[in-house]
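What follows is the residue order along each chain.
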Amino acid sequence: MEELLTRLMGKKIALTCGTNSVIRGEAVLIKDGILHIQDKDGKAAYVALDKIAVVWELTEHEGRAGFISQG
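These figures come from a predicted structure and were not determined experimentally.

## Regarding the overall build of the chain
So, step 1. Scanning the chain for helices and strands turns up one helix and five strands.
So, step 2. Listing the helices and strands of the chain from first to last along the sequence gives α-β-β-β-β-β.
So, step 3. Sorting the 71 residues of the chain into buried and exposed places 23% on the buried side.
So, step 4. Intrachain contacts of the chain at a sequence separation of at least 6 include 42% that bridge at least 24 residues.
So, step 5. Accessible surface, the chain as shown: approximately 5300 Å² in total, 51% of it carbon and sulfur.

## Examining the nonpolar core
So, step 1. Judged by nonpolar contacts, Leu5, Leu8, Ile13, Leu15, Ala27, Ile30, Leu35, Ile37, Val47, Leu49, Ile52 and Val55 together constitute the single largest core of twelve residues.
So, step 2. Put simply, the parts of the chain that give this core at least two residues each are strand 1 (12-16), strand 2 (22-31) and strand 3 (34-38).
So, step 3. With sequence-adjacent residues up to four places away left out, leucine 5 is seen in contact with Ile13, Ile30, Leu35, Leu49, Ile52 and Val55.

## Some details on the sheet that holds strand 2
Strand pairing in a sheet takes place through backbone hydrogen bonds and is either antiparallel or parallel in direction.
So, step 1. Taken in spatial order, the five strands of this open sheet run 4-3-2-1-5, and their pairing is antiparallel. Sheet topology places strand 4 (44-48) and strand 5 (54-57) at the edges, where each strand pairs with a single neighbour. Mean inter-strand twist for the sheet, computed between neighbouring axes without regard to direction, equals 45 degrees.
So, step 2. Direction of pairing for strand 2 relative to strand 3: antiparallel, over a ladder of five bridges. Paired with lysine 31 across the two strands is isoleucine 34, which belongs to strand 3.

## Topic: the pattern of salt bridges
So, step 1. Evaluation of the coordinates by the stated rule reveals two salt bridges.
So, step 2. One salt bridge in this structure joins arginine 7 and glutamate 3, with 3.7 Å as the shortest N-O distance. Of the two residues, arginine 7 and glutamate 3 both sit in helix 1 (residues 2-7), four residues apart, roughly one turn of that helix. Accessibility assignment for this pair places arginine 7 and glutamate 3 in one class, exposed.
So, step 3. Notably, a salt bridge pairs glutamate 57 with lysine 11, separated by 3.8 Å at the nearest N-O pair. Remark: lysine 11 occurs in the loop between helix 1 and strand 1 and glutamate 57 occurs in strand 5; sequence separation between them is 46 residues.
So, step 4. For glutamate 57, a relative accessible area of 44% gives the class partly exposed.

Thresholds, definitions, all that
Residues numbered from 1 in each chain as written. Predicted model: local features only at pLDDT ≥ 70, side-chain atom pairs only at ≥ 80, totals over all residues. Heavy atoms only, no water. Helix = DSSP H or I, 4+ residues; strand = E, 2+ residues; numbered from the N terminus. Buried < 20%, exposed > 50% of the residue type's maximum accessible area, 1.4 Å probe, protein only. Contact = heavy atoms within 4.5 Å. Areas by Shrake-Rupley, 256 points an atom, 1.4 Å probe, with all protein chains shown as cover. Core = buried A, V, L, I, M, F, W, Y, C linked by side-chain atoms within 4.5 Å. Pairing = 2+ DSSP bridges. Axes fitted to C-alpha atoms, helices over the stretch in contact; angles between N-to-C directions. Salt bridge = Lys/Arg side-chain N within 4 Å of Asp/Glu carboxyl O.

The analysis is restricted to geometry; functional conclusions fall outside its scope.
Encoded structure:
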């Protein structure tokens, strides 16, 4: 996973850490098993690499309208 994420540094990504959590933003740094992600508002998220289930690269036109399921 770390090797894949290293190739995605500086790109916009989305990732899941389970069934109900999706995190989107720019991959900024990997250090000590933690992925640092920054969203479009400049807020940071820190995700443990061993908790990531799925990663995909986003395009500039990525948008999701509608309802978000929480359960």
